[in-house]
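Observations on the three-dimensional arrangement
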Amino acid sequence: MSGAYLDYNASGLVRPEVQALMAEVLAQGGNPNAVHAAGRRARARVETARAQVADLVGADPTAVVFSSGGTESNAQAVASAIAAGCERLIVSATEHPCVAEAANVSGVPVEILPVDANGVVDLAWLAVTLGRPGGRALVAIHHANNESGVIQPIAEASLMVQAVGGWLHVDAIQTAGKIPVDMRALGADTLTLSAHKLGGPQGVGALVSKEGVPIVRTLHGAGQERGLRAGTENVPGIAGFGVAADCAARDLSEAMAHAAWRDAAEARVKAAGATIIGEAAERLPNTLFMAVEGWDSPQQLITLDLQGVMVSAGSACSSGKTKPSKTISAMGLDHLATGGVRVSGGWGTTREDWVRFADAWVAAYEKHRARTAGRAKVDA
């Protein structure tokens, strides 16, 4: 890809190994639920991938249910917890919208778990809230925030949830392949993954559950995925997911080493006037989330894109209007909420990509400040 692609938290580039295997599987064909040779070959592809994905997060292969992506798997986790008797939902303030919305439409009371100024969940608040009457609780905390990259104290939260017989759901979509993820060490009852964050294809995800945790199906029909998710499996996508998981596990030390490149770029943009979101917290090594006041995200993205640097906003843009970043607002930084920019590297990122970003942003911000200063003089 020409230019500097630094938007892996949105979607990683597909690894060459994944592309090659998927092309092979597409050429072979076969329904994995058929008993003939082609069907058995397809089934073998699915089960190999199941083991590869399970290995990435320290789980048993039988605990993996493939899906169309993280959104579906997160919804299935919420539905499963409610079906198992959870009468209230506690969702972190910076949770991904697909988890937050699944909770909001569930019909079950939802409480928002606040975060501090660095985006870390308030464990003291959680302990007090879990101790109140109100029935069994589902607690949903993502392993790391998709915007800021801030890593949450999942293992500590798990002890609190377990002590009251609750259910802990962990969206690990942003962490798998970037930092070590061990489902047992985290203490999660359910955990979700998405292939395209790892260098796999879009449209494939997985729900992973702890032994003995009951999962309900949300797509009804035939008995695929042990009766937990109806519909013919996406064999090429699932096979690609498996290879991406293998590659991510293999390259984990390299992924963690990207922090030095990120830190160098971070120092430059901070010196130029940017605020680093979540700076004092533990963060993913590939992620830089920054903001400035008075220069909205879409303007920054367009400027960078014209320089061949592809990043994303910490906020969504709808009908030409900038939507404030939920993450920045939850951290009490409303004045910066429309000016967030997220820079995120991955398996194909080089040091030069980060340098190119910093060069482009610092130069563009200096021009922006000069323009706004000139307009202020004219207005005066």
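In the block above lies the structure referred to throughout.
Here is a short report on the structure shown in this document. Just so it is clear, the structure is predicted and the values come from calculations on it, not from any experiment.

1. Describing the overall build of the chain
- Assigned secondary structure in the chain consists of 13 helices and 15 strands.
- Relative to the globule expectation of 21 Å for 380 residues, the C-alpha radius of gyration of the chain, 22 Å, shows essentially globular dimensions.
- Over its C-alpha atoms, taken along the principal directions, the chain stretches across nearly 75 × 55 × 40 Å.
- A sequence separation of at least 24 residues applies to 69% of the contacts in the chain between residues at least 6 apart.

2. Some details on the pattern of salt bridges
- Using the criterion set out here, one finds 17 salt bridges in the structure.
- Of the charged contacts, one joins Arg-45 and Glu-24 as a salt bridge, the two residues approaching to 2.6 Å between their closest N and O atoms. Here the residue Arg-45 occupies a position in helix H2 (residues 37–56), and Glu-24 occupies one in helix H1 (residues 16–28), the gap between them amounting to 21 residues.
- Glu-24 gets classed as partly exposed once you look at its relative accessible area, which sits at 40%.
- With a closest N to O distance of 3.9 Å, Arg-262 and Glu-266 form a salt bridge. Of this pair, Arg-262 and Glu-266 both sit in helix H10 (residues 259–272), four residues apart, roughly one helical turn. Each member of the pair Arg-262 and Glu-266 is classed as buried.
- Beyond isolated ion pairs, a larger network of salt bridges with shared partners links Arg-43, Glu-47, Arg-50, Glu-225 and Glu-233.

3. Some points on the pairing of strand E5 (residues 137–140)
- The two faces of E5 match: Ala-137 and Val-139 on one face and Leu-138 and Ala-140 on the other face are all buried.
- Across four bridges, strand E3 (residues 88–92) lies against E5 in parallel orientation. Residue pairing for E5: Leu-89 is matched across the bridge by Leu-138.
- By the bridge criterion, three bridges tie E5 to strand E6 (residues 167–171) in an arrangement that is parallel. Bridging from a neighbouring strand, Leu-138 pairs with Trp-167 of E6.
- For the crossover that starts at E5, traverses helix H6 (residues 154–163) and ends in the parallel E6, the hand is right-handed.

4. As for the sheet that holds strand E7 (residues 190–194)
- Strands sit in the order E2-E8-E7-E6-E5-E3-E4 across an open sheet of seven strands; the sheet is mixed. Each edge of the open sheet is held by one strand with a lone partner, namely strand E2 (64–67) and strand E4 (110–113). Adjacent strand axes in the sheet meet at a mean angle of 20 degrees when their direction is disregarded.
- Contacts from H2 reach E2, E7 and strand E8 (205–209) within the one sheet, and its direction differs from that of E2 by about 115 degrees.

5. Considering the sheet that holds strand E10 (residues 287–291)
- The four strands are arranged E9-E10-E15-E12 in an open sheet whose pairing can be described as antiparallel. The open sheet has two edge strands with one neighbour each: strand E9 (275–276) and strand E12 (312–313).
- Where H10 meets the sheet, it contacts E9 and E10, and its direction lies at approximately 10 degrees from that of E10.

6. Notes on the nonpolar core
- Counting residues in hydrophobic clusters, the biggest one holds 59 residues, and the most contacted among them are Phe-66, Leu-191, Leu-193 and Phe-241.
- When residues in this core are grouped by element, the largest group, nine residues, is from helix H8 (residues 235–250).
- Not counting the four nearest positions on each side in its chain, Leu-193 is found in contact with Val-53, Val-57, Gly-70, Ala-172, Ile-173, Ala-176, Gly-205, Ala-206, Val-208 and Phe-241.
- The next biggest cluster of nonpolar side chains, apart from the first, holds 24 residues, and it includes Ala-274, Ile-276, Val-292 and Ala-358.

About the criteria used
- Numbers given for residues are sequential positions, taken from 1 along each chain in its written order.
- Only residues with pLDDT of 70 or above have their local features reported here, since the model is predicted, and side-chain atom pairs are shown and tallied only from 80 upward, although totals for entire chains, interfaces and linings are computed over all residues.
- Derived side-chain values reflect all non-hydrogen atoms in the structure, with water molecules and hydrogen atoms excluded from consideration.
- Working definition: helices are DSSP H or I runs of at least four residues, strands are E runs of at least two. Numbering for both runs from the N terminus.
- With C-alpha atoms as the basis for the radius of gyration, the globule rule is written as 2.2 Å multiplied by the number of residues raised to the power 0.38.
- Whether two residues are in contact is decided by their heavy atoms: any pair within 4.5 Å suffices.
- Salt bridge, as used here: a side-chain nitrogen of Lys or Arg that lies within 4 Å of a carboxyl oxygen of Asp or Glu.
- Accessibility here uses a 1.4 Å probe with only protein chains present; expressed as a share of the type maximum, an area under 20% marks a residue as buried, one over 50% as exposed, and anything in between as partly exposed.
- Here a strand pair is declared whenever DSSP counts at least two bridges between the two strands.
- Call a crossover right-handed when, viewed with both strands pointing away from you, the route from the first strand across the helix to the second goes clockwise.
- Axis definition: a line fitted to C-alpha atoms, limited for helices to the stretch in contact. Angles are taken between N-to-C directions and run from 0 to 180 degrees.
- Definition of nonpolar core: a set of buried residues of the types Ala, Val, Leu, Ile, Met, Phe, Trp, Tyr and Cys, connected through side-chain atoms within 4.5 Å.

Honestly, that's just the spatial picture; any functional story needs more than this.
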